[in-house]
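Coordinate inspection notes
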Amino acid sequence: MLKEKYQAEIDEILSRYPVKRSALLPLLYLAQREEGYVTETAMQEIAGILKLTPPQVYETATFYTMLNLKPVGKFHLQVCKSLMCALVGSDTVIGWIGTKLGIKPGETTQDKLFTLSSVECLAACGTGPMMQVNDDYYERLTEEKLDRILADLRQTGTSSLKTGPFMWPEPANAVKG
Amino acid sequence: MKTYEPILLKNMMQPEYAGSLPEYERAGGYQALRKVLGKVTPAEVTAVVMKSGLRGRGGAGFPTGVKWGFLPKDYQGPRYLCCNADESEPGTFKDRQLIERDPHQLLEGMLLACYAIGAASSYIYIRGEFVLGAKILEAAIKEARAAGYVGKNIFGTGISIDIWVHRGAGAYICGEETALLESLEGKRGLPRVKPPFPATHGLYNKPTVVNNVETLANLPHIMNRGAEWFASIGSPPKSTGTRVFCVSGHVARPGNYEVPMGITFRELIYEQAGGMRSDKKLKAFIPGGASAPFLTPDHLDVKLDFESVALAGSMLGSGGVTVMEEGTDMVWAALRLMEFFYHESCGKCSPCREGSSWLVQIMRRIVNKRGRMADLETLTDLCKNIAGRTVCAFGDAEVSPILSTLKHWRHEYVTYIHAAEAANLIRPEPAGAKH
């Protein structure tokens, strides 16, 4: 139960809004953080916390693509396929991942480590092709970089190749013009 | 190459600048707030912003001061400011940089806007994928609260302003201001029928202003340096100030470039962004995000201001400029964008929900060499029955890739269809078809 484990965090979230229902997305995120996806039990519990009917929670949860309604792999590789990334090779990236991991968009590896999704624009159009892995962005992808990222993820659970606070072109280049 | 004084990117262009509160203060940060809070009346702040000519940087370009002026003067209950940080328009990636590299610039802008409209609570609605941006903003708000810039009784003036970060969860439509409000209320992000407008019936049905990140980030500079200064930059009187243009696609140096409005696309693409990435010539560009109709090399000397781009048959929109080189398949490009709009249609209005599905099916049929000549008429006809017939501007946006590529590169569609005819792959016409 979320309430027993996260009472303080739930109270803090509720304190931000004059109307309880506004806390719905934050609480769904909390549920997803706990289980890796949003379970029906969690949605029912959240409905109780916010004094909503379960359908009110489902209709919101099913509208948003970032809320997973079924389990995904430990690392969710989300490759942007919108035009701006496609112009600079995002389809190739999806192909590389397919070859390396044996999965197509929508599939998860047998060991449940990687899920591949092709997604719409992630607002990194100047640094494509790119992908988001769980919370982190990886940009200006090359095959070599992808190999390192996948190896890092397997070994350490993260990779130093992820993007930090974003600026492109980088300051030095920007000053030089 | 001509260089321009950066305003919004000035701090972050210093290689060592990391956006912390002490750094922002050293660079003159929060001086505008000190100068204004309790010393200049909210009405005067609004008047300055109106006089500066600042227009919304999110896409629609509505004058910011005028938007604030729509709030009821005599209403005693709560009012809200929502910062639109849902940056989802394909081709746009400026707000992400403004948030992650100089968060206090945005916070100071929000505090000034809250003061001007009389809001004690404000929310930053940030797209869910910007996890790092949300963390950076939360840390910055914490710093600002500890320093007394955010919270109760700021500078002892009796004025209290709170700022909260609210993460979206993956829906392009939530960048539309009324869909954003619905989403912030914990509902599906379906745009509202207007009127009433958010100015009177916004968040929780209270008077509300929704402003884009870049719009708000301009406010400290306007209050520090004055309306006249701001209005002298760019392409006055209608397009004042700078814009952070996001250049993507087949250029040598993609990225964010802050320049005064009114420079030409040629200068932005060939000087700022370093020109094309290879020997291939420019074939097409999108001037203002995925919702803006495609333009051609004939439009390179069009000025980057609201009116000039509109006159050229497109829109300045969100400032996302996407460049395509010779050899880019324009039917494929239009299909890619159409797939985006199909995926993101919220489903509220039938013309958009059903129409986007039909458009994608027909476009895929053409690209798969199963198209027929009558499809081009059907595409045009469908587009005409979507644009202008929906609750929000999404309907107008989704038809622009197809209509503009049909206008400029119709022969590429025809080539696909001729290939289909030659290969004898066309499906039989339905019985009784008029075509």
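Residues numbered from 1 in each chain as written. Chains lettered and ligands numbered in written order. Predicted model: local features only at pLDDT ≥ 70, side-chain atom pairs only at ≥ 80, totals over all residues. Heavy atoms only, no water.

Turning next to the overall build of chain A. The number of helices and strands found in chain A is 8 helices and 4 strands. Reading the helices (α) and strands (β) of chain A from amino to carboxyl end gives α-α-α-α-β-α-α-β-β-β-α-α. On the principal axes, the C-alpha backbone points of chain A span a range of 50 × 45 × 30 Å. Sorting the 177 residues of chain A into buried and exposed places 54% on the buried side. (Helix = DSSP H or I, 4+ residues; strand = E, 2+ residues; numbered from the N terminus. Buried < 20%, exposed > 50% of the residue type's maximum accessible area, 1.4 Å probe, protein only.)

A few words on the overall build of chain B. Secondary structure summary: chain B contains 16 helices and 10 strands in total. The globule rule puts the C-alpha radius of gyration for 435 residues at 22 Å, and the 23 Å found for chain B is close to it. Projected onto the principal axes, the alpha-carbon positions of chain B cover approximately 80 × 50 × 35 Å. Relative to its 435 residues, chain B shows a buried fraction of 63%. When contacts within chain B are restricted to residue pairs at least 6 apart in sequence, long-range pairs at least 24 apart make up 71% of them. Accessible area of chain B: about 16100 Å², with a carbon and sulfur share of 54%. (Rg over C-alpha atoms; globule rule 2.2 N^0.38 Å. Contact = heavy atoms within 4.5 Å. Areas by Shrake-Rupley, 256 points an atom, 1.4 Å probe, with all protein chains shown as cover.)

As a further point, take the nonpolar core. By size, the foremost hydrophobic cluster in this structure holds 93 residues, and its most contacted members are A:Leu28, B:Phe294, B:Leu379 and B:Tyr413. Per element, the largest residue contribution to this core is 10 residues, and it comes from helix H16 (residues 394-422) of chain B. For B:Tyr413, the contacting residues outside a window of four places in its chain are B:Val331, B:Ala334, B:Met363, B:Ile366, B:Leu376, B:Leu379, B:Ile402, B:Thr405 and B:Leu406. Among the nonpolar cores identified, the runner-up in size contains 70 residues, and B:Ile99, B:Ile141, B:Ile154 and B:Ile163 belong to it. (Core = buried A, V, L, I, M, F, W, Y, C linked by side-chain atoms within 4.5 Å.)

The tally for this structure, following the rule as stated, stands at 35 salt bridges over all chains. A:Lys5 is the partner of A:Glu34 in a salt bridge, and the nearest nitrogen-oxygen pair spans 2.6 Å. With a gap of 29 residues between them, A:Glu34 in helix H2 (residues 24-35) and A:Lys5 in helix H1 (residues 2-15) connect regions that are remote in the sequence. A relative accessible area of 53% means that A:Lys5 is categorised as exposed. Salt-bridge contacts for B:Arg336 lead to A:Asp91; the nearest nitrogen and oxygen are separated by 2.7 Å. One end of the pair, B:Arg336, is in helix H13 (residues 330-344); the other, A:Asp91, is in helix H6 (residues 90-101), on a second chain. Given a relative accessible area of 37%, A:Asp91 falls into the partly exposed group. (Salt bridge = Lys/Arg side-chain N within 4 Å of Asp/Glu carboxyl O.)

Take the side chain of B:Glu108 next. Residue and element names in this part refer to chain B. By the element assignment, Glu 108 lies in helix H6 (residues 103-117). No salt bridge is formed by the buried Glu 108; the nearest opposite charge belongs to Arg 34, separated by 8.2 Å. Engagement of the side chain of Glu 108 in a polar contact is seen with the side chain of Tyr 24, the distance being 2.5 Å. Of note is the side chain of Glu 108, whose polar atom sits 2.9 Å from the backbone nitrogen of Tyr 30. Apart from residues lying up to four places away in sequence, Glu 108 is in contact with Tyr 24, Gly 29, Tyr 30, Gln 31, Ala 32, Leu 33 and Pro 220. (Lys, Arg positive; Asp, Glu negative; His and termini not counted. Polar contact = N/O pair within 3.5 Å; in protein donor to acceptor, adjacent residues only side chain to side chain.)

Each domain of chain A was delimited in the assignment, giving domain 1 (2-61) and domain 2 (75-156). If you average the C-alpha positions of domain 1 of chain A and of domain 2 of chain A, the two centres end up 30 Å apart. (Domains from an automatic or database assignment.)

Turning our eyes to something else, we now look at the domain arrangement of chain B. Residues and elements named next belong to chain B. Along its sequence, chain B is organised into domain 1 (11-232), domain 2 (238-325) and domain 3 (330-422). Here the C-alpha centre of domain 2 lies 26 Å away from the C-alpha centre of domain 1. Listed by partner, the interface residues are 20 residues for domain 1 and 24 residues for domain 2. Taken together, the two surfaces of domain 1 and domain 2 that pack against each other cover about 1600 Å², and 50% of this comes from carbon and sulfur. Considering only the side of domain 1, the residues that lose the most area to domain 2 are Arg 55, Arg 57 and Phe 93, jointly responsible for 32% of the buried surface there. Summed over the shared surface of domain 1 and domain 2, the number is 1 salt bridge. With a closest N to O distance of 3.3 Å, Arg 55 and Glu 307 form a salt bridge. The interface formed by domain 1 and domain 2 holds 14 residue pairs in polar contact (both at pLDDT 80 or more) in total. Among the secondary structure elements, those contributing two or more residues to the side of domain 1 that touches domain 2 are helix H5 (94-101) and helix H10 (227-231). (Buried area = accessible area lost by both parts, 1.4 Å probe.)

Listed by partner, the interface residues are 49 residues for chain A and 70 residues for chain B. A combined buried area of about 4800 Å² lies between chain A and chain B, and 61% of that area is made up of carbon and sulfur atoms. If you look at where chain A meets chain B, you find 24 residue pairs in polar contact (both at pLDDT 80 or more). Of all the secondary structure elements, the ones that give two or more residues to the side of chain A that touches chain B are H2, helix H4 (54-61), helix H5 (83-86), H6 and helix H8 (171-176) of chain A. A total of 4 residues in the side of chain A that touches chain B trace back to one element, the largest contributor, which is H2(A). Classifying every residue of the side of chain A that touches chain B by side-chain character gives 30 nonpolar, 10 polar and 9 charged. (Nonpolar A, V, L, I, M, F, W, Y, C, P; charged D, E, K, R; others polar.)

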